[in-house]
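Working through the structure, step by step
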Amino acid sequence: MSVDWSPIDFALARFRPPQTRESSRPVGRLERLPKWLNLIPMIAQWAWLSIVYRSASLPSTINPAILAGGMVGEGKLDYFETMGSHALANTAAFTAVINQGPDGMEAALAAMAAAGLSYPIIAKPDIGWCGFGVRLVRNGSELSGYLARFPRGERIVLQRFVTEEGEAGLFYVRRPDEARGMLTGILLRHFPRVQGDGVTSIADLIAANPRLCRLGRDGLSEPCCDTAGIPADGETVRLSTIGSTRVGGLYEDATPLITEVLTDAIDAIARDMTDFHVGRFDVRYESLDHLLAGDFTIIEVNGAGSEAVHAWDPKFTLREAYAIVFAKQRMLFEIGDMMRRRGHRPIGLTKLAELHFRQQRLIKRYPMSN
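Residues numbered from 1 in each chain as written. Predicted model: local features only at pLDDT ≥ 70, side-chain atom pairs only at ≥ 80, totals over all residues. Heavy atoms only, no water.

Relative to each other, helix α5 (residues 105–115) and helix α6 (residues 140–149) sit at 120°, their axes nearing to 10 Å. The pairing of α5 with α6 is recorded here as oblique in orientation. Helix-helix and strand crossings are classified by hand; for α5 and α6 the assignment is right-handed. In this structure, α5 contributes Met 105, Ala 108, Leu 109 and Met 112 to the contact, and α6 contributes Gly 140, Leu 143, Ser 144 and Leu 147. Tallied by class, residues from the contact of α5 with α6 come to six nonpolar, two polar and no charged. (Axes fitted to C-alpha atoms, helices over the stretch in contact; angles between N-to-C directions. Helix = DSSP H or I, 4+ residues; strand = E, 2+ residues; numbered from the N terminus. Parallel < 35°, antiparallel > 145°, perpendicular 65-115°, else oblique. Left-handed = near helix turned anticlockwise from the far one by under 90°. Contact = heavy atoms within 4.5 Å. Nonpolar A, V, L, I, M, F, W, Y, C, P; charged D, E, K, R; others polar.)

Here is the structure:
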């Protein structure tokens, strides 16, 4: 079965830069829906594709070197460990430790020294999702506290804090019968911020904003600043280390800006990874011009389970947003079928469910993201 897909399938509107501050832009249509409700059309299409392709877990064949193809439950290091020298050179320096609580502080410091890391660093779970458990760690006291709150026996990734303000998700696809891959989407993440008026506290500015008031609502995140403070008139304060919509961040689709230079840069990195065909590269960059010229630093990689979150841009209607998601899911099954024909077997549904529930259990035990 052949399904036509191209960058056009993933870009349904021309790029329109925001005309207002990110945090003041309206909440998107998909964002306004309860999570269970916005999943129903996606699950329905996935069920239909499962019947057509005779497997509900077929996309797990897409990236054979990654657990479950990166659908769920894999570690961040799974991707880094498949990288060759070129891909690693474009990735922020990192190391990892198995958490032993505060008693593991000496091992963590030794690992940091071996990797050339110094404070501030980013500490995050190896098995993670949506920024849960990700914290900016500025000193030894904060690292010790992170180790104390993190589940014992689980792996922690310590990574260089990339200071560039720009963050993007670059969606990559390469058919197994093609030498060159392509970018199918660009997501720009805007961090949650408030702008002061010289009178109102950060806490009150957050509470008054329909987007920002999500921060802390799930009990698994907190601002990275003192919310009792009162910013000066016109002063902008960033509220979070991560840019997820669950903490008030904004997702903006920039797919129409894809360039050949950027595509070539990502393709060279992806082909320097073992059998990697579909995923999202999360990167930091200095400016949009730098990004489109292929100048960026990778902070992590996601596989078949990476959501087409550029569809969460408020500019899209529900119909347009779901069209983007549906195109991505069709592509997953098509490439999964191609990989199955090459001898790769999908993961069993029982194992897939075990990975999902383990990941969900861990997320609830992680330290708050900041």
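Here we take up the pattern of salt bridges. Tallied over the entire structure, the rule returns 22 salt bridges. Two residues, Arg 193 and Glu 165, come together in a salt bridge whose shortest N-O distance is 2.2 Å. Of the two residues, Arg 193 sits in strand β7 (residues 193–195) while Glu 165 sits in the loop between β4 (155–160) and β5 (166–173), which places them 28 residues apart along the sequence. A relative accessible area of 21% places Arg 193 in the partly exposed class. Taking the relative accessible area as the measure of exposure, Glu 165 reaches 40% and is therefore partly exposed. (Salt bridge = Lys/Arg side-chain N within 4 Å of Asp/Glu carboxyl O. Buried < 20%, exposed > 50% of the residue type's maximum accessible area, 1.4 Å probe, protein only.)

Once that is clear, we can look at the nonpolar core. One finds Leu 170, Leu 262, Phe 281, Leu 291 and Phe 296 to be the most contacted residues of the largest nonpolar core, which totals 29 residues. Listed by contribution, the elements that provide at least two residues to this core are α3 (76–80), β5, β6 (182–190), α8 (260–270), β10 (278–285), α9 (288–292) and β11 (297–302). Residue contributions to this core peak at five residues, all from α8. Discounting residues that sit within four places of it in the chain, Phe 296 has contacts with Asn 90, Leu 262, Ala 265, Ile 266, Ile 269, Val 283, Arg 284, Tyr 285 and Leu 291. (Core = buried A, V, L, I, M, F, W, Y, C linked by side-chain atoms within 4.5 Å.)

Further remarks concern helix α10 (residues 318–341). For α10, which comprises 24 residues, the first-to-last C-alpha distance of 35 Å matches the rise-based estimate of 34 Å (1.5 Å per residue) to within 8%. Remark: Gly 343 follows α10 within two positions and exhibits a positive phi of approximately 100°. (Expected span 1.5 Å × (residues − 1).)

This part takes up the side chain of Arg 284. With respect to the helices and strands, the residue Arg 284 is situated in strand β10. By relative accessible area, Arg 284 is classed as buried at 5%. In terms of polar contacts, Arg 284 uses its side chain to reach the backbone carbonyl oxygen of Val 162, at 2.7 Å. Of the polar contacts made by the side chain of Arg 284, one reaches the side chain of Glu 167; its length is 2.7 Å. Setting aside residues up to four positions removed in sequence, Arg 284 forms contacts with Phe 161, Val 162, Glu 164, Gly 166, Glu 167, Phe 191, Arg 238, Thr 241, Phe 296, Thr 297 and Ile 299. (Polar contact = N/O pair within 3.5 Å; in protein donor to acceptor, adjacent residues only side chain to side chain.)

Taken together, the buried positions of α5 are Met 105, Ala 108, Ala 111 and Met 112. Buried residues along α5 cover an arc of 125° about the axis, so they all sit on one side. Residues of α5 that are exposed and angled more than 90 degrees away from the buried face: Glu 106, Ala 113 and Ala 114. Residues of α5 that are buried sit in contact with β1 (94–98), β2 (121–125), α6 and β4. Directly beyond the C-terminal end of α5, a positive phi value near 75° is found at Gly 116. (Arc of directions from axis to C-beta.)

We now examine the sheet that holds strand β9 (residues 250–253). Ordered by their spatial adjacency, five strands build an open sheet running β9-β6-β5-β10-β11, and the pairing between neighbours is antiparallel. Two strands in the sheet have a free side with no partner beyond their single neighbour: β9 and β11. Looking at each pair of strands side by side, their axes are set apart by 25° on average, direction ignored. Sheet topology places β5 next to β6; seven bridges connect them, and they run antiparallel. Across the sheet, residue Tyr 172 finds its bridge partner in β6, namely Leu 183. (Pairing = 2+ DSSP bridges.)

Let us now look at empty space enclosed by the protein. Summed over the entire model, instances satisfying the criterion amount to one cavity of 30 Å³ or more. In this structure, the largest cavity encloses a volume near 60 Å³. Lining the largest cavity are 12 residues, and of these Phe 171, Val 173, Thr 184, Lys 328 and Met 331 sit closest to its centre. Listing elements by their share of the lining of the largest cavity, those giving two or more residues are β5, β10 and α10. The dominant element in the lining of the largest cavity, judged by the number of residues it contributes, is β5, at three residues. Its residues assigned to classes, the lining of the largest cavity shows seven nonpolar, four polar and one charged. (1 Å grid on protein atoms, 1.4 Å probe; cavity = no way out; pocket = protein on both sides within 12 Å on 5 of 7 lines; lining within 4 Å. Points joined across faces, edges and corners; volume = space filled by probe spheres on them.)

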